[in-house]
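# Examining the three-dimensional arrangement
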Amino acid sequence: MGRWVRWVVLLLCLAALSAGALPAVGALPAADEEGNQDESLESKTLSAEDQVKDHSTGTRVVAGQIFLESGKSDSQSENEENFHSQEEEKENSLEELNSLEMSNLLNKDLEETEIQSPVLTAIGGTADGEPCHFPFLFMEKEYAECTADGREDGRLWCATTYDYKKDQKWGFCESEEQSNKRRQMQEAEDVYQIGMKILNESSKKAQKKVAYQYLLKAADMNHTKAMEKVSYALLFGDYLKQNIQSSKELFEKLTEEGSPKGQMALGFLYASGLGVNSSQAKALVYYTFGALGGNLIAHMILGYRYWAGIGVLQSCESALTHYRLVANHVASDISLTGGTVVQRIRLADEVENPGMASGMLEEDLIQYYQFLAEKGDVQAQVGLGQLHLHGGRGVEQNHQRAFEYFNQAANAGNSHAMAFLGKMYSEGSDVVPQSNETALQYFKKAADMGNPVGQSGLGMAYLYGRGVPVNYELALKYFQKAAEQGWVDGQLQLGSMYYNGIGVKKDYKQALKYFNLASQGGHILAFYNLAQMHATGTGVMRSCHTAVELFKNVCERGRWSERLMTAYNSYKDGDSNSAVVQYLLLAEQGYEVAQSNAAFILDQRYTVARIKLGDYHFYGFGTDVDYETAFIHYRLASEQQHSAQAMFNLGYMHEKGLGIKQDIHLAKRFYDMAAEASPDAQVPVFLALCKLGVIYSLQYIREINIREVFSHIDMDQLLGPEWDLYLMTIIALLLGTIIAYRQRQHQAIPRPAGLRPAVPQQEPPPEHQPPQ
């Protein structure tokens, strides 16, 4: 049977050749291929209705989907290439038969698959229920899909025959309800894009608030991405008033629609008990669904939970799986210029050591550096350039300003600035167009001056052939020079060359050495490479625990780490509600500094709440005055949270004997403790102690008899027989001092330099004052 098929196919092929039809089975005519070579397979269409009628199976192109007969598949193209490559080695007749047979069988299988594709049917119009015909001709233009052209209402329609003008047969591609929904979603998309454009292009807070009003409008129209942006803004209080209940409702709506971001956020709410009753089981379910949907933060949270055993059985391997996936994304996001700087500021450290530098640059100091840079200080220009290039320390990332500062310093001959300009040109951005040639020029200039950054950049150019031919020997040479000067990029690339055996013999020990050196300089990719080596046991003993810690370090350098600074700024602006929610989410991701800061803010809130309870009982707000209960609350706040306010209140109650026995000595002790606990309490404590001293003195005077005291004093015995002469002498000296002081006051005050003596009005004032 197979032999008969081969002969039939061969005869058909010979007939086609004699008629001049050279294309393989299912191929489009050459003219059509040339016109559509840049389009995908699904967008290709037939050029005439006759081509559809020629198919023996009666299949056609429907709703923009092309069948096998009207286009060449990837498999067929591959078979044709195989056919031509093997033709030189084997006999022509046998190769033709085998190739055609395989193409025919593949064609048959794909044809059966395509026949089962859904057919788009016309709704209403003049051809209700008939299948749409693609392409169809309307107004001298061919359409390969439904169109809204020719209609003012925007509804999509199609023709059921090729020539609409001739046959006037048409129908809608969607119902009226579907059309309204599509137009509404399109309107929501337009509003969302306007909001995102304003949000991305502006750095002003007022403009960002305007952008969120557009996003809020799009979210009300059920735009998924807009709802995600708005829900997080409501959760954190970003440019919208914080409203956890509203954000929860949006997260629930997003979760129903299958949004991974919504699922992760709902898991966070259940984990932290914000707006809902805390449930670690529900949190784990939502985190899992979010991770399955590809949400990286959900993966990171699960990685930390499996690593620490929070709500799940501790599993290093499970943690490794989640952390590695996130680390892959973070590592692939790292550019040549490096990522943003992560600021880890502990609030407790700032309170305990107010004078300690937090790593943030004061605005006055930044302005001072800017002043120096404008005056031509090269070091200030380079420093500001690096600050704006990477961001951090209170300075926002700004490539435009970084480029300007580096340009100024490079023009002054600074090699570091030249090297960084090379990095910016090599990477490319919205500000600096990518140019290997320009980057190479700057790298060469810097490298010739012995700059390690330039040497490393030149090594990268030779390693990857950027602007120069690939040369592993030169790449190795420049990386070694940079590494010898301690530059982390040179160390990292040397490690990579030894790890992969590029230009050198593969040597995992050397790779490990250079990766360790680069990691000491804080390079993210060095941590990533070390994590991979420990995870797979390459060059080292496999250690899941070490690999997880290294991957965790990489994950914490992702772009979400920028929220650490946002939370810190919220706290500094007095918005502790927003700050604590942001720190809680980062704490879920495993940031130890966020856990510390969240605990610090919550502990402050607990202390304030305890003192408030004491105040309510002390003053009788909402309850009867109860000094004993107030004293208990103040004492707890004092002992457990070391609150200066609570200690001061206890001192006052001891002073007055309210709810406790009056004791001036204990009052003074609590006042002193309050002054030691907080510098802010020193002034009120000083005033309270002055008052306490006066009260103590008056109490002492009342307790003794003044007359009896003076009657028992013998002045002759105490001061001697001539004590009255001493007293008179002292009084006379005091009087003389007072008289001399008053006489000096009455003397004329000397005229200050620069004042002219009074002159008669008729005389002109002298041009020059005589010296005095």
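Described in the following lines is the structure provided in the data block.

Definitions and limits used
- Sequence positions are assigned chain by chain, starting from 1 and proceeding in written order.
- Predicted model: local features are reported for residues with pLDDT of at least 70 only, side-chain atom pairs are reported and counted for 80 or more only, and whole-chain, interface and lining totals are derived from all residues.
- Remark: hydrogens and water are excluded; side-chain values derive from all non-hydrogen atoms of the structure.
- Throughout this description, the term nonpolar core refers to a set of buried Ala, Val, Leu, Ile, Met, Phe, Trp, Tyr and Cys residues connected via side-chain atoms within 4.5 Å.
- Three labels apply to residues, based on accessible area from a 1.4 Å probe with only protein chains included: buried if under 20% of the type maximum, exposed if over 50%, partly exposed otherwise in between.
- When checking whether two residues touch, look at their non-hydrogen atoms; a contact exists if any pair is within 4.5 Å.
- What counts as a helix is a DSSP run of H or I of at least four residues, what counts as a strand is a run of E of at least two, and both are numbered from the N terminus.
- Here, expected helix span is obtained from the residue count minus one, scaled by 1.5 Å.
- Here a polar contact means two N or O atoms within 3.5 Å. Within protein one must be a hydrogen donor candidate and the other an acceptor candidate, and residues neighboring in sequence count only if both atoms are side-chain atoms.
- Interaxial angles span 0 to 180 degrees and are taken between N-to-C directions of axes, which are lines fitted to C-alpha atoms, for helices over the stretch in contact.
- Comment on the angle field: the value is read as roughly parallel under 35 degrees, roughly antiparallel over 145, roughly perpendicular from 65 to 115, and oblique elsewhere.
- The sense of a crossing depends on the near helix, which, turned anticlockwise from the far helix by less than a right angle, makes the crossing left-handed and, turned clockwise, makes it right-handed.
- Gly is placed with the polar residues, together with every amino acid not listed as nonpolar (Ala, Val, Leu, Ile, Met, Phe, Trp, Tyr, Cys and Pro) or charged (Asp, Glu, Lys and Arg).
- Residues forming no salt bridge and having over 30% relative accessible area are the ones grouped into patches, like charges within 9 Å of each other and nonpolar side chains (Val, Leu, Ile, Met, Phe, Trp, Tyr) within 5 Å.
- Method for areas: the Shrake-Rupley scheme with a 1.4 Å probe, in which residue coverage is limited to the protein chains shown.
- One speaks of a salt bridge when a side-chain nitrogen belonging to Lys or Arg is within 4 Å of a carboxyl oxygen belonging to Asp or Glu.
- Pairing of aromatic side chains requires ring centres within 6.5 Å, counting the rings of Phe and Tyr and the six-membered ring of Trp. Pairs whose planes differ by under 30 degrees are stacked, by over 60 edge-to-face, and all others tilted.
- We call a charge positioned over a ring when the NZ of a Lys or the CZ of an Arg lies within 6 Å of the ring centre and within 35 degrees of the ring normal.
- Two cysteine sulfurs form a disulfide in these notes if their separation is within 2.5 Å.
- Arc definition: directions from the helix axis to the C-beta atoms.

Looking now at the nonpolar core. Among the nonpolar cores identified, the biggest contains 130 residues, and Tyr 323 and Tyr 583 are the most heavily contacted of them. Setting aside its immediate chain neighbours within four residues, Tyr 323 contacts Met 300, Gly 303, Tyr 304, Trp 307, Val 548, Phe 551, Lys 552, Cys 555 and Gln 589. With 13 residues, the next largest nonpolar core counts Cys 132, Phe 136, Ala 159 and Cys 173 among its residues.

Helical geometry: 3.6 residues make up each α-helical turn, so side chains three or four residues apart lie on a common side. Across its 13 residues, helix 24 (residues 508-520) extends 18 Å between first and last C-alpha, which sits within 8% of the 18 Å expected from 1.5 Å per residue. Along helix 24, the residues that are buried comprise Ala 511, Leu 512, Tyr 514, Phe 515, Ala 518 and Ser 519. The secondary structure elements touched by the buried residues of helix 24 are helix 22 (472-484), helix 23 (488-500) and helix 25 (524-536). Two or three places before Lys 509, at the opening of helix 24, Asp 507 has a side-chain oxygen 3.1 Å from that residue's backbone nitrogen. Directly after helix 24, the chain includes Gly 522, whose backbone phi takes a positive value near 85 degrees.

Further remarks concern the environment of Gln 242. With respect to the element layout, Gln 242 can be found in the loop between helix 9 (224-236) and helix 10 (244-256). The exposure class assigned to Gln 242 is partly exposed, which follows from its relative accessible area of 24%. Each C-alpha atom, one on Gln 242 and one on Ser 231, is 9.9 Å from the other, the two residues being 11 residues apart in sequence. In this view, Gln 242 contacts Leu 234, Leu 235, Phe 236, Gly 237, Asn 577, Ser 578 and Val 581; residues no more than four positions away in its chain are not counted. A distance of 2.9 Å separates a polar atom in the side chain of Gln 242 from the backbone oxygen of Leu 235.

As a further point, take the packing of helix 7 (residues 176-201) against helix 8 (residues 205-220). Interhelical geometry of helix 7 versus helix 8 gives an angle of 165 degrees and a closest axis separation of 8 Å. With respect to helix 8, the axis of helix 7 lies roughly antiparallel. Judged by the twist between their axes, the crossing of helix 7 over helix 8 is left-handed. Contact with helix 7, carried on its side by Ala 188, Val 191, Tyr 192, Ile 194, Gly 195, Met 196, Ile 198 and Leu 199, involves Gln 207, Lys 208, Val 210, Ala 211, Tyr 212, Tyr 214, Leu 215, Lys 217 and Ala 218 of helix 8 and no other residues of that element. In the contact of helix 7 with helix 8, the residues fall into 13 nonpolar, 2 polar and 2 charged.

Glancing now at the packing of helix 9 against helix 11 (residues 260-272). When two helices pack together, their arrangement is given by the angle between their axes and by how far apart the axes lie. Orientation of helix 9 relative to helix 11, taken along the N-to-C sense of each, is 20 degrees, at an axis distance of 10 Å. The orientation of helix 9 with respect to helix 11, classified from their angle, is roughly parallel. Helix 9 and helix 11 meet at a crossing whose hand is left-handed. Listed contacts from helix 11 to Glu 228, Tyr 232 and Leu 235 of helix 9 are Lys 261, Met 264, Ala 265, Phe 268 and Leu 269.

Together, Leu 365, Tyr 368, Tyr 369 and Phe 371 give the surface a local cluster of nonpolar side chains, amounting to about 380 Å² of exposed area. Within the secondary structure, Phe 371 is located in helix 16 (residues 363-374). According to the relative accessible area criterion, Phe 371 is partly exposed, its value standing at 45%.

For the structure shown, the criterion picks out 27 aromatic pairs. Here a set of aromatic residues connected by ring pairs shows up, and it is made of Phe 134, Phe 136, Phe 138, Tyr 143, Trp 157, Tyr 164, Trp 170 and Phe 172. Above the plane of the ring of Phe 172 lies Arg 155, whose end atom (NZ or CZ) is 3.8 Å from the centre. Just above the ring of Tyr 478 sits the side chain of Lys 477; from NZ or CZ to the centre is 5.5 Å.

Now for the state of the cysteines. Here the structure, examined in full by the defined rule, presents 3 disulfides. The partner cysteine of Cys 146 in its disulfide is Cys 173, sulfur to sulfur 2.0 Å. Across the disulfide from Cys 146 to Cys 173, rotation about the S-S bond amounts to roughly -90 degrees, and the bridge is consequently left-handed. One end of the pair, Cys 146, is in the loop between strand 2 (141-143) and strand 3 (157-159); the other, Cys 173, is in the loop between strand 4 (170-172) and helix 7, and 27 residues separate them in sequence. Across a sulfur-sulfur distance of 2.0 Å, Cys 316 and Cys 544 are joined as a disulfide pair. Taking the sign of the S-S torsion, about -115 degrees here, the bridge from Cys 316 to Cys 544 comes out left-handed. Here Cys 316 is found in helix 14 (residues 316-332), whereas its partner Cys 544 is found in helix 26 (residues 544-555), with 228 residues between them in sequence. What makes Cys 544 buried here is its relative accessible area of 11%. If the cysteines joined by disulfides in the chain are listed in sequence order, their pairing comes out as 1-3, 2-4, 5-6.

Moving on to helix 10. Here helix 10 contains 13 residues, and its C-alpha end-to-end distance of 18 Å stays within 8% of the 18 Å for a straight helix at 1.5 Å per residue. Looking at helix 10, one finds that the buried residues are Ser 247, Lys 248, Leu 250, Phe 251, Leu 254 and Thr 255. Down the axis, helix 10 shows its buried residues gathered within 165 degrees of arc, on one side only. Buried residues in helix 10 make contact with helix 9, helix 11 and helix 12 (280-292). The N-cap residue of helix 10 is Asn 243: its side-chain oxygen and the backbone nitrogen of Gln 245 are 3.3 Å apart. Looking one or two residues beyond helix 10, the residue adopting positive phi is Gly 258, at roughly 85 degrees.

Moving on: unusual backbone geometry. Peptide bonds are, in most cases, trans, and in most cases residues other than glycine have a negative phi. Note that the residue after Phe 134, namely Pro 135, is joined by a cis bond; omega there is -5 degrees. We note that Gln 168 has phi near 55 degrees; this positive angle belongs to a residue other than glycine. Among the structural elements, Gln 168 can be located in the loop between helix 6 (164-167) and strand 4. A relative accessible area of 40% places Gln 168 in the partly exposed class.

The subject of this paragraph is the side chain of His 388. Tracing the sequence through the fold places His 388 in helix 17 (residues 378-390). Polar contacts involving the side chain of His 388 include one to the main-chain carbonyl oxygen of Leu 384, which spans 2.9 Å.

A full pass over the atoms with the stated rule returns 15 salt bridges. A salt bridge links Lys 248 to Glu 252; the nearest nitrogen and oxygen atoms lie 3.2 Å apart. In this pair, Lys 248 and Glu 252 are both assigned in helix 10, 4 residues apart and thus about one turn of the helix distant. Connected via shared salt-bridge partners are Asp 333, Arg 559 and Glu 562.

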